[in-house]
Every structure is written in structure tokens, then in C-alpha cells.
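# Structural features, examined
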Amino acid sequence: ALKKKVVALFTCTSPQEIYGYGRVIKVVSPKLDKYFYKREFSPSISGAISVKTVYQVIKEIVLKM
């Protein structure tokens, strides 16, 4: 209802299954193929998307406002 921009991180689920309604910016893990729908925790997948990458995406959103 508020039409806010959303940054969604995909580490082990399919980004194609989520419809973004023109508001979602999808950041996909480079290790998605290896960990696709895995149930066990892995430290390597949780750190696969860097803070720097997420920061850059958020920064782009803010600059477009």
C-alpha cells in the first residue's frame, strides 16, 4: 500500500518465483546453483552476498528517489 522499494536477497530459493510488482530489487547469490533449496545451514552461502553489494543496491535506490 505504501509502494516502498524492497531489496530481496536470494541465497537458496528461486528469484523467479517471487513477483516484484515493480518494487522489488532482487540480489541473487552467486552460489544459488549449488545451494538451491538446501535445508541445512552453510556459512559460505550466508556470506555469499556481500554487504558491499547490498549497500550499492540500496544506494542506487536512494539516489533515484
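Scoring rules and cut-offs
- Residues numbered from 1 in each chain as written.
- Predicted model: local features only at pLDDT ≥ 70, side-chain atom pairs only at ≥ 80, totals over all residues.
- Heavy atoms only, no water.
- Helix = DSSP H or I, 4+ residues; strand = E, 2+ residues; numbered from the N terminus.
- Buried < 20%, exposed > 50% of the residue type's maximum accessible area, 1.4 Å probe, protein only.
- Contact = heavy atoms within 4.5 Å.
- Lys, Arg positive; Asp, Glu negative; His and termini not counted.
- Charge placed at Lys NZ, Arg CZ, Asp CG, Glu CD.

### Here we look at the overall build of the chain
- Helix and strand content of the chain: three helices and two strands.
- Beginning at the N terminus, the succession of helices and strands in the chain can be written as β-β-α-α-α.
- In terms of overall dimensions, the chain has a C-alpha envelope of 35 × 25 × 15 Å along the principal axes.
- Evaluated residue by residue, the chain yields a buried proportion of 23% over its 65 residues.
- Restricting to contacts in the chain with at least 6 residues of sequence separation, those with at least 24 account for 29%.
- The centroid of the 12 positive side-chain charges in the chain is displaced by 9 Å from the centroid of its 4 negative side-chain charges.

Everything listed is a geometric property; what it means functionally is a separate question.
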